[in-house]
Amino acid sequence: MDLNAHPALRAADPTLADLIALEAQRQRDVLRLIPSENYASTAVAAATASCLANKYSEGYPGKRYYQGQQYIDAVEQLAIDRAKAVFGAEHVNVQPYSGSPANLAVYFALLQTGDRILSMSLPHGGHLTHGWNVTISGRLHDVKQYGVRPDTHRIDYAEVRQMALEHKPKMIICGASAYPRTLDFAAFAEIAREVGALLLADIAHISGLVAGGVHPSPVPYADVVTTTTHKTLRGPRGGMIMCREVHAKAIDRGVFPGNQGGPHNQTTAALAVALHEAAQPDFKVYAQRVVSNAKTLADRLLTHGFSLVSGGTDNHLILIDLNNKGVSGKVAAAALERAGIVCNANSVPFDPRKPFDPSGIRIGTPALTSRGMGAEEMVKLADWMNAVVRAPDDTALLDRTANEIRALCAGFPAPGL
Ligand SMILES: *Cc1c(COP(=O)(O)O)cnc(C)c1O
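Not measured: the values here are computed from a predicted model. (Residues numbered from 1 in each chain as written. Predicted model: local features only at pLDDT ≥ 70, side-chain atom pairs only at ≥ 80, totals over all residues. Heavy atoms only, no water.)

A.B. asks: Sorry, what's going on with the site of the ligand here?
C.D. replies: Near the ligand there are 13 residues, and of these Ser98, Ser100, Ser177, Asp202 and Lys231 occur at the shortest range. Between the ligand and the protein, one listed contact pairs an oxygen atom with a side-chain N or O atom of Ser100 at 2.6 Å. Contact distances for the ligand include 2.7 Å between an oxygen atom and a side-chain N or O atom of Ser177. Contact with the protein chains removes 86% of the 380 Å² of surface that the ligand exposes when unbound. Considering each element in turn, the shell around the ligand owes the most residues, three residues, to helix α5 (residues 99-110). In the shell around the ligand, the residues fall into two nonpolar, nine polar and two charged. (Near = heavy atom within 4 Å. Polar contact = N/O pair within 3.5 Å; in protein donor to acceptor, adjacent residues only side chain to side chain. Areas by Shrake-Rupley, 256 points an atom, 1.4 Å probe, with all protein chains shown as cover. Helix = DSSP H or I, 4+ residues; strand = E, 2+ residues; numbered from the N terminus. Nonpolar A, V, L, I, M, F, W, Y, C, P; charged D, E, K, R; others polar.)

This is the structure we're talking about:
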């Protein structure tokens, strides 16, 4: 059964059924390049749509506040055990509603108001929830931020160490949303140890690559690791916290009752399914192909004269600086969307333009790779992108490209649709 065209939903609410059908068609017909997005499997979607959503389960397996938990306890324990096996973690909390509340729960668990955090700045690739000034973490903590080097666009570990020695943070955060290079978790851990800071690694974007063995794992190095479950990990919309046993009690209390009420059991179940999928040999192949597709795409974009932040990629994402193309990120993103290529405008490091009208676009390969696309499609994609960025006002070209892409997409059925 196609969960996106359920007869019961169509009968009860045709207006909404139409909207879901249209979104499903959009997801079939376009090249989805937003690097935080993916296609979850039908099995994951089925668990998400299950009756587990009807049950309240405040607490943890074996320690609940309401009766009737015999099956829910087993579901949550299964998700925990599978996460431990996939990531080699000592302790896992699978209840965070998403990546942002996972981070907030960690701060609430391990920091006091006013404690200092050292993290990567948003315009250089970090995440809002790492203490950016418009967020609750920025309000409650004293935040110092490191960036990337102007010449290499890579994290300067000597600078991070210098800032850590100077500011003596209580917590150092590594992890990013727009950093195309491998993170050196051992280097961060060494700096944290030297200054007596806790190390939080936020692997929201790359947890699927870590699970698939194509990015080093922070688990041996960090006190706490947070992740979303729906990006490269290809699970349901959600969050997860892994930590050393010494922090287990504090982290669990930080999630519930510190930051949340009842866990979303249907999401926990879908996460268990996704972790089972991530433990299969073909998920390793998937992760390898995500990275090799990104490299192929980056190489072809370079031949077209695109300027890539850091010169290329080690992971699933590519950040394009469009300053040499005479087009802004927003204009490019809008033209690409009309042509059937969906990405997001993004700041680049040391961006001369404003955050709401930035110089770059951010693209990634997780969703295309889930459809089975490979090197040949990446080359075609780079060629299409080049044509569109050279002539963003040529609506005939954009519409012709959208048709060609729809035809290509028909040959690569998307999981879950
Ligand atoms: C996506 C992301 C988050 C937040 O996840 P949400 O599920 O959107 O709340 C946190 N940290 C990083 C590094 C991310 O990329």
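A.B. asks: Would you mind showing me how to read the pairing of strand β8 (residues 198-202) here?
C.D. replies: Looking down a regular strand, the side chains alternate between one sheet face and the other. In terms of burial, β8 is largely enclosed, as five of its five residues are buried. Pairing between strand β7 (residues 171-174) and β8: four bridges, direction parallel. Looking across to β8, one finds that Ile172 is bridged to Leu199. Each parallel crossover has a hand, and for β7 linked through helix α8 (residues 185-195) to β8 it is right-handed. Judged from the three bridges that link them, β8 and strand β9 (residues 224-228) form a sheet pairing that is parallel. In the strand pairing of β9, Ala201 is matched with Val225. (Buried < 20%, exposed > 50% of the residue type's maximum accessible area, 1.4 Å probe, protein only. Pairing = 2+ DSSP bridges. Right-handed = clockwise from strand over helix to strand, strands pointing away.)

A.B. asks: Whenever I open this one, a nonpolar patch on the surface confuses me. Can you help?
C.D. replies: A cluster of nonpolar side chains, namely Leu16, Leu19 and Leu22, defines an oily patch on the protein surface of about 300 Å² accessible area. Of note, Leu22 is situated in helix α2 (residues 14-29). For Leu22, a relative accessible area of 58% puts it in the exposed group. (Patch = residues over 30% accessible without salt bridge, like charges linked within 9 Å, V, L, I, M, F, W, Y side chains within 5 Å. Salt bridge = Lys/Arg side-chain N within 4 Å of Asp/Glu carboxyl O.)

A.B. asks: Any chance you could explain unusual backbone geometry here in plain terms?
C.D. replies: Leave glycine aside and you will find that most residues have negative phi; peptide bonds, for their part, are mostly trans. For the peptide bond that leads from Phe256 to Pro257, omega is 5 degrees, which places it in the cis range. Mapped onto the fold, Pro257 is located in the loop between α10 (248-255) and α11 (265-278). Despite not being glycine, Lys168 has its phi angle at roughly 45 degrees, a positive value. For Lys168, the location among the structural elements is in the loop between α7 (157-167) and β7. Look at Phe350: it is not a glycine, yet its phi comes out positive at around 60 degrees. As for its position among the elements, Phe350 is in the loop between β14 (344-346) and β15 (360-364). Classification of Phe350 as partly exposed rests on a relative accessible area of 45%.

A.B. asks: Is there a simple way to explain the side chain of Ser121 in this structure?
C.D. replies: Tracing the chain through its elements places Ser121 in the loop between β5 (116-120) and α6 (136-140). Setting aside its immediate chain neighbours within four residues, Ser121 contacts Gly126, Trp132, Gln145 and Tyr146. (Contact = heavy atoms within 4.5 Å.)

A.B. asks: Is there a simple way to explain the domain arrangement of the protein chain in this structure?
C.D. replies: Quoted interface sizes are often the accessible area lost when the parts come together. Domain annotation for the protein chain reports domain 1 (47-278) and domain 2 (281-409). The C-alpha-based centres of domain 1 and domain 2 are spaced at 28 Å. Facing the 26 residues of domain 1 at the interface are 25 residues of domain 2. Both faces considered, domain 1 and domain 2 share a buried interface measuring about 2,200 Å² in area, 60% of it formed by carbon and sulfur atoms. The largest share of the area that domain 1 buries against domain 2 comes from Pro180, Arg181 and Arg234, three residues that together contribute 27% of it. Summed over the shared surface of domain 1 and domain 2, the result is one salt bridge. In this structure, the salt-bridge partner of Asp314 is Arg181, at a minimum N-O distance of 2.8 Å. The interface formed by domain 1 and domain 2 contains 11 residue pairs in polar contact (both at pLDDT 80 or more). Those elements that place two or more of their residues in the side of domain 1 that touches domain 2 are α9 (207-211) and α11. For the side of domain 1 that touches domain 2, the leading source of residues is α9, giving three residues. (Domains from an automatic or database assignment. Buried area = accessible area lost by both parts, 1.4 Å probe.)

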